[in-house]
Amino acid sequence: MSTDFLTDISKTLEEIKADGLYKRERMITSPQGGEIKVGDAAVINLCANNYLGLADHPDLIAAARGVMDDKGFGMASVRFICGTQDIHRELEQRLAKFLGKDDAILFAACFDANGGLFEPLLGPEDAIISDSLNHASIIDGIRLCKAKRYRYLNSDMNDLEAWLKQAREDGARHIMIATDGVFSMDGYLAKLPEIRALADKYDAIVMVDDCHATGFMGATGAGTPEHFGVDVDIVTGTLGKALGGAIGGYIAGPQPVIDLLRQRARPYLFSNSLPPSIVAAGLEAIRLVEEGNRLRAQLFENAKYWRAGLEKLGFDLLPGEHPIIPVMLGEAQLAQDMASRLFDEGVYVSGFFFPVVPRGQARIRTQMNAALTRDELDRALAAFGKVGKELGILS
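These numbers were taken from a predicted model, which means no experiment stands behind them.

1. Considerations on the packing of helix α14 (residues 332–344) against helix α15 (residues 374–390)
For step 1, the next point in the chain: Between α14 and α15, the least distance of the axes is 10 Å, while the angle of their chain directions is 135°. Compared by their axis directions, α14 and α15 come out oblique. Crossing of α14 over α15 shows right-handed handedness. In this structure, α14 contributes M338, R341 and L342 to the contact, and α15 contributes A383, F384, K386, V387 and E390.

Below, the structure written as structure tokens:
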């Protein structure tokens, strides 16, 4: 390999480190849970997307283990060649019913689902209007599509309407509004009722990425549309957060949309299908969610307690009702220093900074889950208070 090329790569890495933006991974030696082991250290985990605490649930583990005797370890194929088993369709139909849609289609991850959604459905005569804080997977998926692209300010309905008018004036055949259901760096919920009203006014399609809501938002856990009591046209989501924390994504929507995606969505056509163990565990996760009022209640009880504790300590928090509760710090190095010191105190968190969030808005994003005990939350609050004072964040 070219020496100059490697020299340039090394220089870039050194610049990332010098700017305090270098990301380091810690090796977990236990199952995912409310308390985990990193090496030999036991730490309280406040930064996983394990909202319902299902990542180490014995029923999911049993389902994943048990199905391999009957269905095997892996599919070794894409779906349309010889990679579809009956349980793949069973999971798709269960997801569709749970979300109130005609059908669903599985992908290796929701990143792939969002990456494969737009290009088959929309062409150069169409338009996509995307929220400015949408997930990177939506941004990348839109880049692969030839539709005209517009971007509206985060949750700014006046700006969204202005772009809807512009798209209509530009002669767009079809318009799709794309938004996260929950903006994961902030814990803010999209304004779905207002978005739906504007979509109806301008004859637009509404697409929602509900990764950080499916399983626990809404009366039955069906996500932000259920939470707000509105209907959206297309929903994408994941099995990798509240629904067991493994991997796998999906798109749910009208039958013709799902049928066309099976024919033309490239991540679906050119990636191996999900292994049987993941599919079986996904089915079990949906069953637990459908019976999971207790888990959802515990999750939001924990979130309320945690937010109140941080506010009492004096931390700067973003407002919200979601179990994502960001602690705002400003500078990237401070976020990294705080995460490191909290780990020393037995609390596992991660600092978020540019390019994941805008410069000057670095933070510790804490996330609640139903598996956390009151004792663990109290110990974590004590650690936050101690480290906050040591670093001069708290007076």
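Moving on from the coordinates now.
2. Considering the nonpolar core
For step 1, the next point in the chain: Ranked by size, the top nonpolar core spans 68 residues in total, and within it L46, W306, L310, M368 and F384 carry the most contacts.
For step 2, the next point in the chain: No other element matches the nine residues that helix α12 (residues 276–290) contributes to this core.
For step 3, the next point in the chain: I105, I142, A178 and C211 belong to the second largest nonpolar core, which has 25 residues in total.

3. Quick notes on a nonpolar patch on the surface
For step 1, the next point in the chain: Nonpolar side chains collect at one region of the surface, where M1, F5, L6, I9 and L13 lie side by side and expose about 510 Å² of accessible area between them.
For step 2, the next point in the chain: Relative to the helices and strands, L6 resides in helix α1 (residues 3–18).
For step 3, the next point in the chain: Classification of L6 as partly exposed rests on a relative accessible area of 41%.

4. Overview of the sheet that holds strand β5 (residues 148–152)
For step 1, the next point in the chain: Read from one edge to the other, the open sheet built from seven strands follows the order β3-β11-β10-β9-β6-β4-β5, with strand pairing classed as mixed. In this open sheet, the two edge strands, each paired with only one partner strand, are β3 (103–107) and β5. Taken pair by pair, the neighbouring strands of this sheet meet at an average axis angle of 20°, ignoring direction.
For step 2, the next point in the chain: Where strand β4 (residues 127–131) meets strand β6 (residues 175–180), four bridges bridge the pair, whose relative direction is parallel. Looking at the pairing, S130 lines up with A178 of β6.

5. Description of the state of the cysteines
For step 1, the next point in the chain: Under the counting rule described, the total for this entry stands at zero disulfides.
For step 2, the next point in the chain: As a non-bridged cysteine, C211 has C110 as the owner of its nearest cysteine sulfur, 3.3 Å distant.

6. Here's the deal with the packing of aromatic side chains
For step 1, the next point in the chain: Within this structure, the stated rule accounts for seven aromatic pairs.
For step 2, the next point in the chain: Centre to centre, the rings of F107 and Y268 are 5.9 Å apart; their planes meet at 65°, and the pair counts as edge-to-face. Residue F107 is located in strand β3, and its partner Y268 is located in helix α11 (residues 266–269); the two are separated by 161 residues in the primary sequence.
For step 3, the next point in the chain: Classification of F107 as buried rests on a relative accessible area of 3%.
For step 4, the next point in the chain: Note on F216 and F300: the rings are 6.3 Å apart at their centroids and 45° apart in plane angle, and the pair reads as tilted. One end of the pair, F216, is in the loop between β9 (205–209) and α9 (224–228); the other, F300, is in helix α13 (residues 293–313), and 84 residues separate them in sequence.

7. Some points on the pairing of β9
For step 1, the next point in the chain: For β9, a buried count of four out of five residues is recorded, marking the element as mostly surrounded by other parts of the structure.
For step 2, the next point in the chain: As defined by bridge partners, β6 adjoins β9 across five bridges and the pair is classed as parallel. Looking at the pairing, M176 lines up with I205 of β9.
For step 3, the next point in the chain: Relative to strand β10 (residues 234–238), β9 runs parallel, the two sharing three bridges. When the bridges of β10 are listed, D209 appears paired with T236.

8. Notes on the sheet that holds strand β1 (residues 35–38)
For step 1, the next point in the chain: With respect to topology, three strands assemble into an open sheet ordered β1-β2-β13, the strand pairing being mixed. Edge positions in the sheet fall to β1 and β13 (347–348), since each has one partner strand and no second.
For step 2, the next point in the chain: Looking at chain direction, β1 and strand β2 (residues 41–45) are connected through four bridges and run antiparallel. Each bridged residue has a counterpart across the sheet, and for I36 the counterpart in β2 is V43.

Rules used in this analysis
Residues numbered from 1 in each chain as written. Predicted model: local features only at pLDDT ≥ 70, side-chain atom pairs only at ≥ 80, totals over all residues. Heavy atoms only, no water. Axes fitted to C-alpha atoms, helices over the stretch in contact; angles between N-to-C directions. Helix = DSSP H or I, 4+ residues; strand = E, 2+ residues; numbered from the N terminus. Parallel < 35°, antiparallel > 145°, perpendicular 65-115°, else oblique. Left-handed = near helix turned anticlockwise from the far one by under 90°. Contact = heavy atoms within 4.5 Å. Core = buried A, V, L, I, M, F, W, Y, C linked by side-chain atoms within 4.5 Å. Buried < 20%, exposed > 50% of the residue type's maximum accessible area, 1.4 Å probe, protein only. Patch = residues over 30% accessible without salt bridge, like charges linked within 9 Å, V, L, I, M, F, W, Y side chains within 5 Å. Areas by Shrake-Rupley, 256 points an atom, 1.4 Å probe, with all protein chains shown as cover. Salt bridge = Lys/Arg side-chain N within 4 Å of Asp/Glu carboxyl O. Pairing = 2+ DSSP bridges. Disulfide = S-S within 2.5 Å. Phe/Tyr/Trp six-rings, centres within 6.5 Å; stacked < 30°, edge-to-face > 60°.

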